[in-house]
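Results of the structural survey
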Amino acid sequence: LTYTISHRSTPYTLSLPSTATLSDLKSALASLTSIPPQNQKLLYKPPHLANDSDLAAMLLDRGKIMMIGTPASTVAAVQSPPTRPRPRTQKAAVRPLRQAPPTQADIQYTFRTLQPLPYLPNSTHAHSILSKLASDPAVRAIMLRHKFSVGVLGELDPATHTNHEGRTLGLNTNRGAMIEVRLRTDEDRVSGSVGGRGWRRYRDVRDVLAHELAHNVYREHDAKFWRLCRQLEGEM
Ligand code: NI
């Protein structure tokens, strides 16, 4: 059986015997990506496969699996940040308001990976919008205040999320394992021009992010969800 696993926008294709287990897949991925199995998080439908369950169950989603995870070395670096010697220059002594080093909460309540769609034009601009969202002071404050952790903040694929019923503006998979937001307008999603045309307004995208963050807490669009959603929009 052949599986396509995408990680940080890179697709990996693996062939495993039909008797292979999830552990086998994780081991194979570890040797490809140097991300140890315990750091791997796989997103697929249906969720909740045990480590010894049959991989064929994953083929329900045509064998497409997305992996998020951090190499062991990166995790170690985050857990014990290296102490850098402060430069002893006069400038350093008088520099006002040096940015505080990130706290444990800053590291935990954040977006771990940004993921633009590499096959659409101008994906560097898409990345810069995602980056602006992730570092937006209002968004940062909400993440910390509400203790939101998001694995992947990604660009929603406009082609696969537009149909006769309308357009999806955002998606939250597995309560924040991945949040995708639509960045491009319909008119110009092919050429992907930088500037006003072709890209949705930043504030609109940010409001969609507020909506999707509310889904980290409530799955359904019920009264509790909308109360939190309005609260987050107000905090933006
Ligand atoms: Ni929703």
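Below is a short write-up of the structure. (Residues numbered from 1 in each chain as written. Predicted model: local features only at pLDDT ≥ 70, side-chain atom pairs only at ≥ 80, totals over all residues. Heavy atoms only, no water.)

Our focus in this paragraph is helix α7 (residues 202–214). In a regular helix each residue adds 1.5 Å, so 13 residues correspond to 18 Å; α7 covers 19 Å between its end C-alpha atoms and thus fits that length. With respect to burial, α7 is a largely interior element, 10 of its 13 residues being buried. All buried positions along α7 are accounted for by Tyr202, Val205, Arg206, Val208, Leu209, Ala210, His211, Glu212, Leu213 and Ala214. (Helix = DSSP H or I, 4+ residues; strand = E, 2+ residues; numbered from the N terminus. Expected span 1.5 Å × (residues − 1). Buried < 20%, exposed > 50% of the residue type's maximum accessible area, 1.4 Å probe, protein only.)

Attention now moves to the sheet that holds strand β10 (residues 178–181). An order of β5-β6-β10-β9 is seen for the four strands of this open sheet, with the pairing classed as mixed. Bordering the open sheet on either side are β5 (111–115) and β9 (170–173), each of which pairs with just one other strand. Adjacent strand axes in the sheet meet at a mean angle of 15° when their direction is disregarded. Looking at chain direction, β5 and strand β6 (residues 150–155) are connected through four bridges and run parallel. Following the sheet pairing, Thr113 is matched in β6 by Val152. (Pairing = 2+ DSSP bridges. Axes fitted to C-alpha atoms, helices over the stretch in contact; angles between N-to-C directions.)

Here the focus is the packing of aromatic side chains. Any pair of aromatic rings gets described here by the distance separating the centres and the angle formed by the planes. Under the defined criterion, the tally for this structure stands at one aromatic pair. Taking the centre distance of 5.0 Å and the plane angle of 80° together, the rings of Phe225 and Trp226 count as edge-to-face. Accessibility expressed as a relative area gives 0% for Phe225, which makes it buried. Given the relative accessible area of 35%, Trp226 is considered partly exposed. Lys132 extends its terminal NZ or CZ atom over the ring of Tyr202, reaching a point 4.1 Å from the ring centre. (Phe/Tyr/Trp six-rings, centres within 6.5 Å; stacked < 30°, edge-to-face > 60°. Lys NZ or Arg CZ within 6 Å of the ring centre and 35° of its normal.)

Next up on the list: helix α8 (residues 223–235). Over its 13 residues, α8 runs 19 Å from end to end, which matches the ideal 18 Å to within 8%, given 1.5 Å per residue. The inward-facing, buried residues of α8 abut α6 (137–145) and α7. (Contact = heavy atoms within 4.5 Å.)

Turning our eyes to something else, we now look at the packing of helix α5 (residues 123–135) against α7. Where α5 meets α7, the closest approach of the two axes is 11 Å, and the angle between their N-to-C directions is 60°. As the angle between them shows, α5 and α7 are arranged oblique. For the element pair α5 and α7, the recorded crossing hand is right-handed. Contacts between α5 and α7 pair Ile129, Lys132 and Leu133 from the former with Tyr202, Val205, Arg206 and Leu209 from the latter. (Parallel < 35°, antiparallel > 145°, perpendicular 65-115°, else oblique. Left-handed = near helix turned anticlockwise from the far one by under 90°.)

With that out of the way, let us pick up unusual backbone geometry. Phi at Ser34 is positive, roughly 55°, even though this residue is not glycine. Counting through the fold element by element, Ser34 comes out in the loop between α1 (22–33) and β3 (41–43). The phi dihedral of Asn122 falls on the positive side, at around 60°, and the residue is not glycine. Residue classification places Asn122 among the partly exposed residues on the basis of a relative accessible area of 30%.

Let us look at the pattern of salt bridges. Considering all chains together, one arrives at five salt bridges under this definition. When the shortest N-O distance is used, the salt bridge between Arg145 and Glu235 registers 2.7 Å. With Arg145 in helix α6 and Glu235 in helix α8, this pair connects stretches of sequence that are 90 residues apart. A relative accessible area of 24% means that Glu235 is categorised as partly exposed. Across the salt bridge formed by Arg201 and Asp204, the nearest N and O atoms sit 3.2 Å from each other. Judged by its relative accessible area of 27%, Asp204 is partly exposed. (Salt bridge = Lys/Arg side-chain N within 4 Å of Asp/Glu carboxyl O.)

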